[in-house]
Protein chains: 4
Amino acid sequence: MNKIVHEIIVRYAETDQMGIVHHSVYPVYFEAARVELMKKMALPYDELEKKGLFLPVIELAANYIKPARFGDSVEVEAVMLPPVGVRVRIEYTIYCRGEAIVKGLTVHAFTAANNRPCRPPDYFLNALQK
Amino acid sequence: MNKIVHEIIVRYAETDQMGIVHHSVYPVYFEAARVELMKKMALPYDELEKKGLFLPVIELAANYIKPARFGDSVEVEAVMLPPVGVRVRIEYTIYCRGEAIVKGLTVHAFTAANNRPCRPPDYFLNALQK
Amino acid sequence: MNKIVHEIIVRYAETDQMGIVHHSVYPVYFEAARVELMKKMALPYDELEKKGLFLPVIELAANYIKPARFGDSVEVEAVMLPPVGVRVRIEYTIYCRGEAIVKGLTVHAFTAANNRPCRPPDYFLNALQK
Amino acid sequence: MNKIVHEIIVRYAETDQMGIVHHSVYPVYFEAARVELMKKMALPYDELEKKGLFLPVIELAANYIKPARFGDSVEVEAVMLPPVGVRVRIEYTIYCRGEAIVKGLTVHAFTAANNRPCRPPDYFLNALQK
């Protein structure tokens, strides 16, 4: 289990004066899909934080192919790759009317409550392999 | 000392497809002015929180008279009224090219770290009277 | 037809360092519910704009009773009142776990493409009465 | 003239429940610095749009080294590279207390009002070489 497709309806507030979704909004869409993915993996993000595991974003990249517009229904596909060391990478493709409009990725650092990098816990790795 | 005028340059990301600043942005401008006001009152908000005093917004109101646009320089006037009981009210007027374009207010509850309402501390009242 | 209940899952990006949804986010939730309401009324907002009818917010008010937190599922109830003159008022109650946590309202001005106030079109009034 | 350093004070609304600036905010800081850079280059972005020249972001990347926090004053350095074909790249470094905390880049497509890619106009290239 390492993949999800999450639907989002574009909000008016997310548009800019070019009449399209502002580019800073897509990282928030990535995050919403990532949160749903982790819920589906039985690793809900709010419980991880309560257990003292944080996953701050240390790298972000996005390619904007076509714009989404107000009212569009977009599908955010998120795929989590196997963690490497203290890091995990998630890749995203956003579709609108069947077409890929944005591609991106985030890299996260497994971080303990003391703010130091840590190995991914076993329950995390197990959830990914299920 | 209970008043400030704080200048803000409208960001592109703050516009919407109507070509104007989205109405949900002005409460953020109110907040930016409020933070500067409290800094000027020698009550910097981050230090209040470290001391265990929080000021969550419990009421918000805004009247939108004219729109601001990308690149506009707006002046946010914020005036803190004397606290009443466990609450304090701040009133705002946003000016653009000398004209009032938005008027608003926020009401805040003095809240202790245990999440309960509390009386405004003496240092807060003294700062307001200076 | 003048009422809807719209579900929203709180995003991580919508929280602030108090660990709760930032107060400026609720007007965006109001808007999302309003957009769904108008879709249900067969008055989709994007088509109204294409027809040259705009509904800028001219007044906003909100009372914050309890905070919502990351991951919460909130239900935004929106009720459109009968237009009065060139204005229409929508009232909102946000529920979380069955409890009302935010109440608010927006007032909108019917505005033509020339940026002047106008009477609500008949198709708008008819949709509201259906 | 192809470089600027632009100061930004972190807003409360820009923090998240980790107590740090949410990662989706930095692209907005990049944009604010880019806008100031273009103003300084005598290419104010709002006037470019009025002339029918748009510069949508087609690529974004960011590396998050250290977090910024509420109230921090950050300095956003933006450097515009010479356009290549129909694209221009801008690189950013955000400093907080003298330390680089975020590095990033955006790539923009010169786009005409008809929504098609176009060569950068001479006045743009001249401004960059001055």
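Residues numbered from 1 in each chain as written. Chains lettered and ligands numbered in written order. Predicted model: local features only at pLDDT ≥ 70, side-chain atom pairs only at ≥ 80, totals over all residues. Heavy atoms only, no water.

## What about the overall build of chain A?
Turning to step 1, where the next piece is worked out: From N to C terminus, chain A includes three helices and seven strands.
Turning to step 2, where the next piece is worked out: The order of helices and strands in chain A, counted from the N terminus, is β-α-α-β-β-β-β-β-β-α.
Turning to step 3, where the next piece is worked out: By the compact-globule yardstick of 14 Å for 130 residues, chain A fits well, its C-alpha radius of gyration being 15 Å.
Turning to step 4, where the next piece is worked out: Once the C-alpha set of chain A is aligned to its principal axes, its extents read approximately 45 × 30 × 25 Å.
Turning to step 5, where the next piece is worked out: Evaluated residue by residue, chain A yields a buried proportion of 58% over its 130 residues. (Helix = DSSP H or I, 4+ residues; strand = E, 2+ residues; numbered from the N terminus. Rg over C-alpha atoms; globule rule 2.2 N^0.38 Å. Buried < 20%, exposed > 50% of the residue type's maximum accessible area, 1.4 Å probe, protein only.)

## Things to note about helix α3 (residues 122–129) of chain D
All names here are of chain D.
Turning to step 1, where the next piece is worked out: Looking at α3, one finds that the buried residues are Phe124, Ala127 and Leu128. Take α3 and look down its axis: the buried residues cluster within an arc of 100 degrees, on one side only. Exposed residues on α3 whose side chains face more than 90 degrees from its buried face are Asp122 and Gln129.
Turning to step 2, where the next piece is worked out: In the core, the buried residues of α3 are packed alongside α1 (26–40), α2 (45–50), β2 (53–54) and β4 (73–80). (Arc of directions from axis to C-beta. Contact = heavy atoms within 4.5 Å.)

## What to know about the packing of aromatic side chains
Where two aromatic rings form a pair, the distance of their centres and the angle of their planes describe that pair.
Turning to step 1, where the next piece is worked out: Summed over the entire model, instances satisfying the criterion amount to 28 aromatic pairs over all chains.
Turning to step 2, where the next piece is worked out: With centroids separated by 5.8 Å and ring planes inclined at 85 degrees, the aromatic side chains of Tyr26 of chain B and Tyr29 of chain B adopt a geometry described as edge-to-face. Linking Tyr26 of chain B with Tyr29 of chain B, this pair stays in helix α1 (residues 26–40), spanning three residues, or about one helical turn.
Turning to step 3, where the next piece is worked out: Among the residues examined, Tyr26 of chain B registers a relative accessible area of 2% and is labelled buried.
Turning to step 4, where the next piece is worked out: On the numbers, 4.3 Å between centres and 5 degrees between planes, the contact of Phe30 of chain D with Tyr92 of chain D is stacked. Placement of Phe30 of chain D in helix α1 and of Tyr92 of chain D in strand β5 (residues 87–96) is noted, with a sequence separation of 62 residues between them.
Turning to step 5, where the next piece is worked out: Taken together, Tyr12 and Phe70 of chain A together with Tyr45 of chain C form an aromatic cluster joined through their ring pairs.
Turning to step 6, where the next piece is worked out: Taking NZ or CZ as reference, Lys51 of chain A lies 4.1 Å from the ring centre of Tyr123 of chain A, over its face. (Phe/Tyr/Trp six-rings, centres within 6.5 Å; stacked < 30°, edge-to-face > 60°. Lys NZ or Arg CZ within 6 Å of the ring centre and 35° of its normal.)

## Regarding the interface of chain D and chain A
Turning to step 1, where the next piece is worked out: Every contact between the two is made by 21 residues of chain D and, on the other side, 21 residues of chain A.
Turning to step 2, where the next piece is worked out: Interface area for chain D against chain A, summed over the two sides, is near 1800 Å², with a carbon-plus-sulfur share of 56%.
Turning to step 3, where the next piece is worked out: Per-residue buried area on chain D facing chain A is highest for Met18, His23 and Leu60 of chain D; these three make up 28% of the total on that side.
Turning to step 4, where the next piece is worked out: Remark: the boundary between chain D and chain A carries zero salt bridges.
Turning to step 5, where the next piece is worked out: Inspection of the chain D/chain A interface yields eight residue pairs in polar contact (both at pLDDT 80 or more).
Turning to step 6, where the next piece is worked out: Looking at the side of chain D that touches chain A, the elements with two or more residues in it are α1, α2 and β3 (57–64) of chain D. (Buried area = accessible area lost by both parts, 1.4 Å probe. Salt bridge = Lys/Arg side-chain N within 4 Å of Asp/Glu carboxyl O. Polar contact = N/O pair within 3.5 Å; in protein donor to acceptor, adjacent residues only side chain to side chain.)

## A look at unusual backbone geometry
Turning to step 1, where the next piece is worked out: Despite not being glycine, Arg97 of chain C shows a phi value in the positive range, around 50 degrees.
Turning to step 2, where the next piece is worked out: Among the secondary structure elements, Arg97 of chain C is positioned in the loop between β5 (87–96) and β6 (99–109).

## Notes on the sheet that holds β6 of chain C
Turning to step 1, where the next piece is worked out: Spatially, β1(B)-β4(B)-β5(B)-β6(B)-β3(B)-β3(C)-β6(C)-β5(C)-β4(C)-β1(C) is the arrangement adopted by the 10 strands of the open sheet, whose pairing is antiparallel. Looking along the sheet, the strands with just one partner apiece sit at the ends: β1 (3–9) of chain B together with β1 (3–9) of chain C. Between one strand axis and the next, the sheet turns through 20 degrees on average, direction left out of account.
Turning to step 2, where the next piece is worked out: Judged from the seven bridges that link them, strand β4 (residues 73–80) of chain B and strand β5 (residues 87–96) of chain B form a sheet pairing that is antiparallel. Bridging across to β5 of chain B, Glu75 of chain B finds its partner in Tyr95 of chain B.
Turning to step 3, where the next piece is worked out: Contacts between α1 of chain B and the sheet are confined to β1, β3 (57–64), β4, β5 and β6 (99–109) of chain B, with β1 of chain B contributing the most and set at about 130 degrees to the helix. (Pairing = 2+ DSSP bridges. Axes fitted to C-alpha atoms, helices over the stretch in contact; angles between N-to-C directions.)

## A word on the relation of the copies chain D and chain C
Turning to step 1, where the next piece is worked out: Between chain D and chain C, which share one sequence, the superposing operator has a rotation angle of 180 degrees and an axial displacement of 0.0 Å; the RMSD is 0.0 Å. Overall, the copies show the geometry of a two-fold rotation axis.
Turning to step 2, where the next piece is worked out: The share of interface residues of chain D whose copies in chain C are also at the interface is 100%, consistent with both copies meeting through the same surface. (Least-squares fit on C-alpha atoms with pLDDT ≥ 70 in both.)

## Describing the interface of chain D and chain C
Turning to step 1, where the next piece is worked out: Taken together, the contact pairs nine residues of chain D with nine residues of chain C.
Turning to step 2, where the next piece is worked out: Summing both partners gives a buried area of about 890 Å² for chain D against chain C, and 55% of it is carried by carbon and sulfur.
Turning to step 3, where the next piece is worked out: At the boundary of chain D and chain C, one finds zero salt bridges.
Turning to step 4, where the next piece is worked out: The tally of links between chain D and chain C comes to four residue pairs in polar contact (both at pLDDT 80 or more).
Turning to step 5, where the next piece is worked out: Of the residues assigned to the side of chain D that touches chain C, the class counts are four nonpolar, four polar and one charged. (Nonpolar A, V, L, I, M, F, W, Y, C, P; charged D, E, K, R; others polar.)

Limitation: the analysis is restricted to geometry and does not speak to function.
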